[in-house]
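Read off the chains here:
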Amino acid sequence: MANLANDISEVLVTEEELREINKRLGAQITKDFKDKNLIVIGILKGSVYFMTDLTRYIDLPLKLDFLAVSSYGGGTRSSGAVKIVKDIDIDLAGYDVLLIEDILDSGRTLDYVSRMLQTRGANSISICTLLDKPARRAPDIDLVPDYVGCDVPDEFVVGYGLDYDQKYRNLPYIGALKREIYE
């Protein structure tokens, strides 16, 4: 039986650090959205662990929905073509949207999704990403997230929802995947 941890070259964000990130972001979001009609939209599948834990620290009434998009296929780099696999179910008119993403990499997916959602009548759209990888941002994307858990180096990261070929999501921390696994 394979041990997923053996495929990790380095732990970048520990379980404790993830807990502290969620507490910090949850407190800030609670303050910023205090008197707003909040809907939290997670981008599946990667954001599910982060979104679940984060919303436990948001002390406000809120609604949840999910959007599934694809831009990676089975590779390690975004193809640049974003495809909506599952759209949201709630009409956004009158809501303040908090879009939850696992990682902001090239920025193409979040740019596409935030622009798409802006056309749907929301009061506001804010972006919260667990991880930001500024070194990989596409030069034509000037997207700036409103909330960031932490920056990560230009490594292929997995765990806590992030995957490689649908594996490693269930690691309780975020680690750099050994290059020999994906090259």
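Up top is the structure these notes are about.
Overview of the structure. (Residues numbered from 1 in each chain as written. Predicted model: local features only at pLDDT ≥ 70, side-chain atom pairs only at ≥ 80, totals over all residues. Heavy atoms only, no water.)

This brings us to the overall build of the chain. Within the chain, the regular secondary structure consists of 4 helices and 9 strands. Reading the secondary structure of the chain in the N-to-C direction produces β-α-β-α-β-β-β-α-β-β-β-β-α. For the chain, whose C-alpha radius of gyration is 16 Å, the value lies close to the compact-globule estimate of 16 Å for 183 residues. Counting only C-alpha atoms, the chain reaches 50 × 35 × 30 Å along its principal axes. Here the chain holds 183 residues, and 48% of them are scored as buried. Considering only contacts in the chain between residues 6 or more positions apart, those separated by 24 or more positions represent 67%. Total accessible area on the chain stands at roughly 9,200 Å², and carbon and sulfur atoms take up 48% of it. For the chain, the centre of its 22 positive side-chain charges and the centre of its 30 negative side-chain charges are spaced 2 Å apart. (Helix = DSSP H or I, 4+ residues; strand = E, 2+ residues; numbered from the N terminus. Rg over C-alpha atoms; globule rule 2.2 N^0.38 Å. Buried < 20%, exposed > 50% of the residue type's maximum accessible area, 1.4 Å probe, protein only. Contact = heavy atoms within 4.5 Å. Areas by Shrake-Rupley, 256 points an atom, 1.4 Å probe, with all protein chains shown as cover. Lys, Arg positive; Asp, Glu negative; His and termini not counted. Charge placed at Lys NZ, Arg CZ, Asp CG, Glu CD.)

Once that is clear, we can look at the sheet that holds strand S3 (residues 63–70). Taken in spatial order, the 6 strands line up as S4-S3-S2-S5-S6-S7 in an open sheet, and their pairing is mixed. What marks the edges here is a single partner per strand, and that holds for strand S4 (83–86) and strand S7 (147–151). On average, each strand axis in the sheet is tilted by 25° relative to the strand beside it, whichever way the strands run. Alignment of strand S2 (residues 38–44) against strand S5 (residues 96–104), held across 5 bridges, turns out to be parallel. Bridging from a neighbouring strand, Val40 pairs with Leu98 of S5. Across the sheet, helix H1 (residues 15–32) lies against S5, strand S6 (124–132) and S7, angled at about 160° from S7, the strand it touches most. (Pairing = 2+ DSSP bridges. Axes fitted to C-alpha atoms, helices over the stretch in contact; angles between N-to-C directions.)

Taken together, 3 strands build an open sheet; the order of strands is S1-S9-S8 and the sheet is antiparallel. Each end of this open sheet is capped by a strand with a single partner; those strands are strand S1 (8–13) and strand S8 (157–158). Looking at chain direction, S8 and strand S9 (residues 174–177) are connected through 2 bridges and run antiparallel. Paired with Val158 across the bridge in S9 is Gly175. This element, H1, spans S1 and S9 of the sheet and lies at about 30° to S1.

What follows covers the pattern of salt bridges. Across all of its chains, the model carries 15 salt bridges by this definition. The residue Arg108 makes a salt bridge to Asp140 at a minimum N-O spacing of 3.1 Å. In this pair, Arg108 sits in helix H3 (residues 108–118) while Asp140 sits in the loop between S6 and S7, placing the two residues 32 residues apart along the sequence. The salt bridge involving Asp163 is made with Arg169; its shortest N-O contact spans 3.3 Å. Where salt bridges share partners, they join Asp105, Lys133, Arg136 and Asp154 into one cluster. (Salt bridge = Lys/Arg side-chain N within 4 Å of Asp/Glu carboxyl O.)

Once that is clear, we can look at unusual backbone geometry. A cis amide bond, omega 0°, links Leu44 with the succeeding residue Lys45. Within the secondary structure, Lys45 is located in the loop between S2 and helix H2 (48–55). Positive phi, close to 85°, is recorded for Asp35, a residue that is not glycine. Mapped onto the elements, Asp35 comes out in the loop between H1 and S2. One non-glycine residue, Gln166, lies in positive phi territory at about 70°. With respect to the secondary-structure elements, Gln166 resides in the loop between S8 and S9. Using a relative accessible area of 48% as the deciding quantity, one classes Gln166 as partly exposed.

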